Each structure stands twice: as structure tokens, then as C-alpha cells.
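# Report on the structure
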Amino acid sequence: MTARYKAPYPAYVLRKVKQLIAPKEDAIYMINRNPRNLERLRIGYKPDGFHLEKPGRSFWHKLEVNVSGRSVTAEVKHFQNGAVITASTSEWAIQKQLFKTKDTSAFINLARVLAMRCQQSGITEMSCNVEAVPNSKVDKFLKTIQQEGINLKELPRYKLSKPWDVDRPDKPWEILEEHISKAKSTPNKILQ
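Reference entry: report on the structure contained in this document. Computed from a predicted model, the values in this text were never measured in an experiment.

Basis of the calculations
Residues numbered from 1 in each chain as written. Predicted model: local features only at pLDDT ≥ 70, side-chain atom pairs only at ≥ 80, totals over all residues. Heavy atoms only, no water. Helix = DSSP H or I, 4+ residues; strand = E, 2+ residues; numbered from the N terminus. Buried < 20%, exposed > 50% of the residue type's maximum accessible area, 1.4 Å probe, protein only. Contact = heavy atoms within 4.5 Å. Areas by Shrake-Rupley, 256 points an atom, 1.4 Å probe, with all protein chains shown as cover. Phe/Tyr/Trp six-rings, centres within 6.5 Å; stacked < 30°, edge-to-face > 60°. Lys NZ or Arg CZ within 6 Å of the ring centre and 35° of its normal. Pairing = 2+ DSSP bridges. Axes fitted to C-alpha atoms, helices over the stretch in contact; angles between N-to-C directions. Parallel < 35°, antiparallel > 145°, perpendicular 65-115°, else oblique. Left-handed = near helix turned anticlockwise from the far one by under 90°. Nonpolar A, V, L, I, M, F, W, Y, C, P; charged D, E, K, R; others polar.

For the rest of this paragraph, the subject is the overall build of the protein. Scanning the protein from N- to C-terminus turns up 6 helices and 4 strands. Element order for the protein, N to C, with α for helix and β for strand: α-α-β-β-β-α-α-β-α-α. Across the 192 residues that make up the protein, the buried fraction comes to 25%. Taking all contacts inside the protein whose residues are at least 6 apart in sequence as the whole, residues at least 24 apart take part in 54%. For the protein, the accessible surface area stands at approximately 15000 Å², while carbon and sulfur atoms represent 54% of it.

Quick look at the structure:
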């Protein structure tokens, strides 16, 4: 005796579900296929590392600056995938525009190129553990990146508040333009 296969749901149920979940004709919607969208919303996994580690592993993106004998390389590393964005003074297009590949001008222009590449790829926040001496080349590199619109501190991961918590921070995906304009008018208030 053979058993007949019976579909888990009848066809009319599946058709009705498809009609219900289809977007309305006048609705504006968007499908985000970015695998790092949860990181942008500050709800994705962020490694904690160990509390004794220095400088720590709690980042989604991290800026690293390497100075070698002939060139300077700046990388933005993702905690899982390694180097995501790289810029170096040894690249032919950058090297042709520079007089020297390790002077202050090279650091400033490398910062501009890296900031432009970061903005084109959608990375506007990253962790930076580079400690620079005031008025040094690396200090000017970091200042130039900040002037170009890259934030060198990542916001903390959003954690769901419990019903008994006194402080309930705003959800990062519900921040409106009005909230941003209010925060700009009162500089001491930080959006959480």
C-alpha cells in the first residue's frame, strides 16, 4: 500500500497568502539585499572579545594604517571578512599624483581617497584604535578622514530594553529627520 503525498497547504490557501503579502500598488517600498544591513541598523552581531584584550575586538569595521619603508597603506577591516576597503600610496594612480609616497601630503591625500571609497561603499562609521602624536602625519590623516565625513567611533550595539528598565533608548531605525534637527540645535544631547 502506498501513501499519497498530500501538500501541507491547499493551493487556495497559498494563493490567498500571496495576495495578502503582495505590496499595494500605490505603496512605496524597498527590498534591502545588503547582507550588512543589520550592522547599519546597529542590531547585528558584534563580537565582544575578552575583557583583558587590548585594544579589543568589539567593532564591525576597523581602520588600520600601516607605514612601510616606501609606502603608506590604509585599510578598513570587517570583523569577519578581513579587508573590505584598501587605499595605498603604492597604487599607480595615487603614486603618480604625489611627490613622495610618505610625506604629509601623501597621508592627507590617502585619507581623502580612503574616505571617498568608504562613502561610496556606504561605510560611514568605523572603530579606530590608532593613537597619533599631535601634529604628526598620522594625526593629520585622522583629522582629514573626519573632515571628509567619516566617523571614527562606532555607536554601541542596540540592545532590546526590558519592561522594567528605566532608560529606553530610541530604536535606531525609528530616528526621523526631526530628531536629527533637534539634536543639532542642542549639541550636548546625543542620540542613543
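Additional details are given in the paragraphs that follow.
To continue, consider the packing of aromatic side chains. Per the counting criterion, the structure on display carries 1 aromatic pair. A cation sits over an aromatic face here: Lys46 above Trp60, 4.4 Å from the ring centre.

Moving on: the pairing of strand E2 (residues 72-78). Burial within E2 is extensive, with 6 of its 7 residues counted as buried. Here strand E1 (residues 61-67) runs beside E2; their pairing, made up of 7 bridges, is antiparallel. Directly across from Leu63, in E2, lies its bridge partner Val76. Linking two consecutive strands that pair antiparallel, namely E1 and E2, is a turn of 4 residues.

In a pair of packed helices, the angle between the axes and the distance between the axes together describe the arrangement. Where helix H4 (residues 104-121) contacts helix H5 (residues 137-147), the two axes come as close as 8 Å, and the packing angle between them is 30°. Here H4 is positioned roughly parallel relative to H5, judged by the angle of their axes. Two packed elements cross with a definite hand, and for H4 against H5 that hand is right-handed. Facing Thr104, Phe107, Ile108, Leu110, Ala111, Arg112 and Leu114 of H4, the residues of H5 in contact are Lys137, Val138, Lys140, Phe141, Thr144 and Ile145. Taken together, the residues that form the contact of H4 with H5 break down as 8 nonpolar, 2 polar and 3 charged.

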